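Structural overview
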Amino acid sequence: MATIFTSSPIPPPSSSASVNRISVLSSTKLHACPLSLSKKGASFSSNSCSLSLTRKQPRKSFQVRSVAAPVEETAGFDEMLSGTQRKYYLLGGKGGVGKTSCAASLAVKFANNGHPTLVVSTDPAHSLSDSFAQDLTGGTLVPVEGPLAPLYALEIDPDQAKAEFRNASKKNGGTGVKDFMDGMGLGLIAEQLGELKLGELLDTPPPGLDEAIAISKVIQFLELEEYNKFTRIVFDTAPTGHTLRLLSLPDFLDASIGKILKLRQKISSATSAIKSVFGQEGNQPDAADKLEKLRERMIKVRDLFRDTESTEFVIVTIPTVMAINESSRLRSSLKKENVPVKRLVVNQVLPPSASDCKFCAMKRKDQTRALDLIETDPELSTLTVVKAPLVDIEIRGIPALQFLGDMLWK
Ligand SMILES: Nc1ncnc2c1ncn2[C@@H]1O[C@H](COP(=O)(O)OP(=O)(O)OP(=O)(O)O)[C@@H](O)[C@H]1O
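The paragraphs below set out a description of the structure included in this document. In this text, all values refer to a predicted model and were calculated from it rather than measured experimentally.

Cut-offs and rules
- What you see as residue numbers is a count from 1 along each chain, following the sequence as written.
- In keeping with the model being predicted, local features are shown solely for residues with a pLDDT of at least 70 and side-chain atom pairs are shown and tallied solely at 80 or more, while totals for entire chains, interfaces and linings include all residues.
- Excluded from the side-chain calculations are hydrogens and water; all other atoms, namely the structure's heavy atoms, are used.
- Near is defined per residue: the residue qualifies when any heavy atom it owns lies within 4 Å of the molecule or strand.
- The definition of a polar contact used here is a pair of N or O atoms within 3.5 Å, where within protein one atom must be able to donate a hydrogen and the other to accept one, and adjacent residues in sequence count solely through side-chain atom pairs.
- In these tables, accessible area is a Shrake-Rupley quantity obtained with a 1.4 Å probe, and a residue counts as shielded only by the protein chains included in the view.
- Secondary structure follows DSSP: runs of H or I at least 4 residues long count as helices, runs of E at least 2 residues long count as strands, and numbering of each begins at the N terminus.
- Three categories are distinguished: nonpolar for Ala, Val, Leu, Ile, Met, Phe, Trp, Tyr, Cys and Pro, charged for Asp, Glu, Lys and Arg, and polar for the others, with Gly belonging to the last.
- A strand pair is defined by DSSP finding two or more bridges across the two strands.
- Note on contacts: a residue pair qualifies if any of its non-hydrogen atoms lie within 4.5 Å across the two residues.
- Whenever a helix is involved, its axis is fitted only over the stretch in contact; in every case the axis is a line through C-alpha atoms, and angles between N-to-C directions fall within 0 to 180 degrees.
- We define the nonpolar core as a collection of buried residues of types Ala, Val, Leu, Ile, Met, Phe, Trp, Tyr and Cys that are connected through side-chain atoms lying within 4.5 Å of one another.
- Exposure is judged per residue with a 1.4 Å probe applied to protein chains only, and the accessible area is read against the type maximum: over 50% gives exposed, under 20% gives buried, and values in between give partly exposed.
- To estimate how far a helix should reach, multiply one less than its number of residues by 1.5 Å.
- Read the arc as the range of directions from the helix axis to the C-beta atoms.
- Each angle receives one of four descriptions, namely roughly parallel if under 35 degrees, roughly antiparallel if over 145, roughly perpendicular if within 65 to 115, and oblique otherwise.
- Crossings are sorted by hand: turned counterclockwise from the far helix by less than a right angle, the near helix makes the crossing left-handed, and turned clockwise it makes it right-handed.

Points about the site of the ligand
Neighbouring the ligand are 16 residues; Gly96, Lys99, Thr100, Ser101 and Glu394 lie closest to it. For the ligand, an oxygen atom lies 2.7 Å from a polar atom in the side chain of threonine 100. For the ligand, an oxygen atom lies 2.6 Å from a polar atom in the side chain of serine 101. Considering the ligand on its own, with 630 Å² of exposed area, one finds that the protein chains cover 79% of that surface. Elements supplying a minimum of two residues to the shell around the ligand: α2 (99–112) and β14 (343–349). Looking at the shell around the ligand element by element, the count peaks at three residues for α2. Each residue belonging to the shell around the ligand can be placed in one class, and the counts come to six nonpolar, seven polar and three charged.

Notes on the sheet that holds β14
Strand pairs in the sheet, formed through backbone hydrogen bonds, run parallel or antiparallel to each other. Strand order in the open sheet made by the eight strands is β10-β11-β9-β12-β8-β13-β14-β15, with mixed pairing throughout. Of all the strands in the sheet, the pair left with one neighbour each is β10 (142–143) and β15 (384–389). Its contacts with the sheet place α2 against β8 (87–93), β9 (117–121), β11 (151–155), β12 (232–236), β13 (311–317) and β14, and it is angled at close to 170° to β12.

A look at the nonpolar core
The biggest cluster of nonpolar side chains holds 42 residues, and the ones touching the most others in it are Leu91, Leu106, Phe132 and Trp409. Going through the elements one at a time, α1 (77–81), β8, α2, α3 (128–132), β11, β13, β15 and α13 (398–408) are the ones with two or more residues in this core. Look past the residues within four positions of tryptophan 409 in its chain and what remains in contact with it is Ala75, Phe77, Met80, Leu91, Cys102, Ser105, Leu106, Lys109, Val314 and Val345. Ranked by size, the runner-up nonpolar core spans 35 residues in total, among them Ile156, Tyr227, Val341 and Leu380.

Section: the environment of valine 119
Structurally, valine 119 is set in strand β9. Along the chain, valine 119 and valine 108 lie eleven residues apart, while their C-alpha atoms are 9.0 Å from each other. Not counting residues within four places of it along the chain, the set of residues in contact with valine 119 comprises Ala107, Leu128, Phe132, Leu151, Tyr152, Ala153, Leu154 and Val234.

Some details on helix α12 (residues 358–376)
Under the 1.5 Å per step criterion, the end-to-end length of α12 is 28 Å for 19 residues, consistent within 8% with the ideal 27 Å. Inspection of α12 places Arg364, Gln367, Ala370, Leu371 and Ile374 among the buried residues, and these make up the whole buried set. Each buried residue of α12 lies within a common arc of 125° when the element is viewed along its axis, so the set occupies one face. In this structure, α12 carries Lys358, Met362, Lys365, Arg369 and Thr376 as exposed residues pointing more than 90 degrees from its buried face.

Description of the side chain of threonine 237
By the secondary structure assignment, threonine 237 is in the loop between β12 and α9 (240–278). At 2.8 Å, the side chain of threonine 237 and the backbone oxygen of leucine 91 are in polar contact.

As for the pairing of β12
Counting buried residues in β12 gives five out of five residues, a clear majority hidden from the surface. Side chains of β12 alternate between two faces, with Arg232, Val234 and Asp236 and Ile233 and Phe235 buried alike. In this structure, β8 lies alongside β12, joined through five bridges in parallel fashion. Bridge pairing links tyrosine 89 to valine 234 in β12. Judged from the five bridges that link them, β9 and β12 form a sheet pairing that is parallel. Each residue of the ladder has a partner; that of valine 120, found in β12, is phenylalanine 235.

Describing the pairing of β11
Along β11, four of the five residues are buried, which leaves the element largely enclosed by surrounding structure. As judged from the five bridges shared by β9 and β11, these two strands associate in the parallel manner. Bridge pairing in β11 links serine 121 to glutamate 155. Pairing of β10 with β11, which is carried by two bridges, proceeds in the antiparallel orientation. Among the inter-strand pairings, valine 142 is bridged to a residue of β11, identified as alanine 153.

A look at the side chain of threonine 100
Along the chain, threonine 100 falls in helix α2. Residue classification places threonine 100 among the buried residues on the basis of a relative accessible area of 12%. Non-local contacts of threonine 100, meaning those with residues more than four positions away in its chain, are made with Ser127, Leu128, Ser131 and Asp236.

Observations regarding the packing of helix α11 (residues 321–336) against α12
Close contact between α11 and α12 brings their axes to 9 Å; oriented N to C, the two are set at 20°. The angle between α11 and α12 falls in the class roughly parallel. For the crossing formed where α11 meets α12, the hand is right-handed. Where α11 approaches α12, its residues Val321, Ile324 and Asn325 are matched on the opposing element by Ala370, Leu371, Leu373 and Ile374. The residue makeup of the contact of α11 with α12, split by class, is six nonpolar, one polar and no charged.

In structure tokens, the structure reads:
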């Protein structure tokens, strides 16, 4: 493919279809350079232009005359946009690859296209506020300023969610029940309870538990009326390891909580006579209720993850062998758990340039090797690959997110 670049003024919109207009985000003076993303790599080239988000530069524009149009692989954003029924997008991948940036840019794009959108962070190390450059902390719905349709953010506090779970469980199946049973001389059942290893679970929660509870908390929120308006919900999830463990947690917790509740029933019938003598009723029915609710939400989370109609997990990666291998393992685990995956975002792809910078040339070669891996990887090769270029400043704030979103979600 050959591409000719000139830097003449932008022609009127009616000019030849083979001429691509370069977008300029005039409101913030962010520039995009000619870019076309193809399966074989980012076909971006200019003698005078590297891909950059440059502040305070004079308004410039380029025109690209494509001699042979590259085969572009797009995200299929129209499909993501279509329908007014609620859809969930979970973005996940290795730490630091750009999950938050991609999730935030998707949320902005949905909102700008008319969908009332909620973006949720379930990563214990939240970075939504940093990404939007707005204070979105507080654990409740916070409006994001800027997009056309309502966009709200929610940063779930995993510690608070975990504490709630711990309290509910302790009253029913943790040390609270164990002490209670010991006191009643029901050591045998206490041993059975020990087999559940629930005490351990609560004392040293497995990584991912916080996120599972955070997501269950979101489900609880979504049942409230004020959340009905959201037609797109984008999750910025924690790095891969957490996500993988998270996937198996709903089943694990469902089983554990189910056992606890059954056990509680047994205990309550076995001890009803004793309780009636000693008049010990306590507040257990309320706690049991809470635990049962948590269990129901866990089941909803699990079902939500697997619902191909409404949910999609988008894997975000960067063009390095390590990140791509990790993405492959993630995809394999998601497949085992029947979580629908269609798209793979490859972020921070170095655009080709005519400069002879040795470091860039080496880096580009390295990235190309990694990108080639995707095409032969049995887990990843079937996915729609969407590439986003590495830009030269941090992606922060609505204009920058719009810029990234316009390149990614097409
Ligand atoms: N295409 C890009 N070009 C340049 N910088 C980028 C790009 N994508 C993301 N970044 C920057 O990389 C950093 C990490 O991005 P981000 O926080 O989105 O990653 P993350 O995967 O969510 O990280 P974590 O795993 O820590 O939550 C940020 O400073 C962000 O601005």
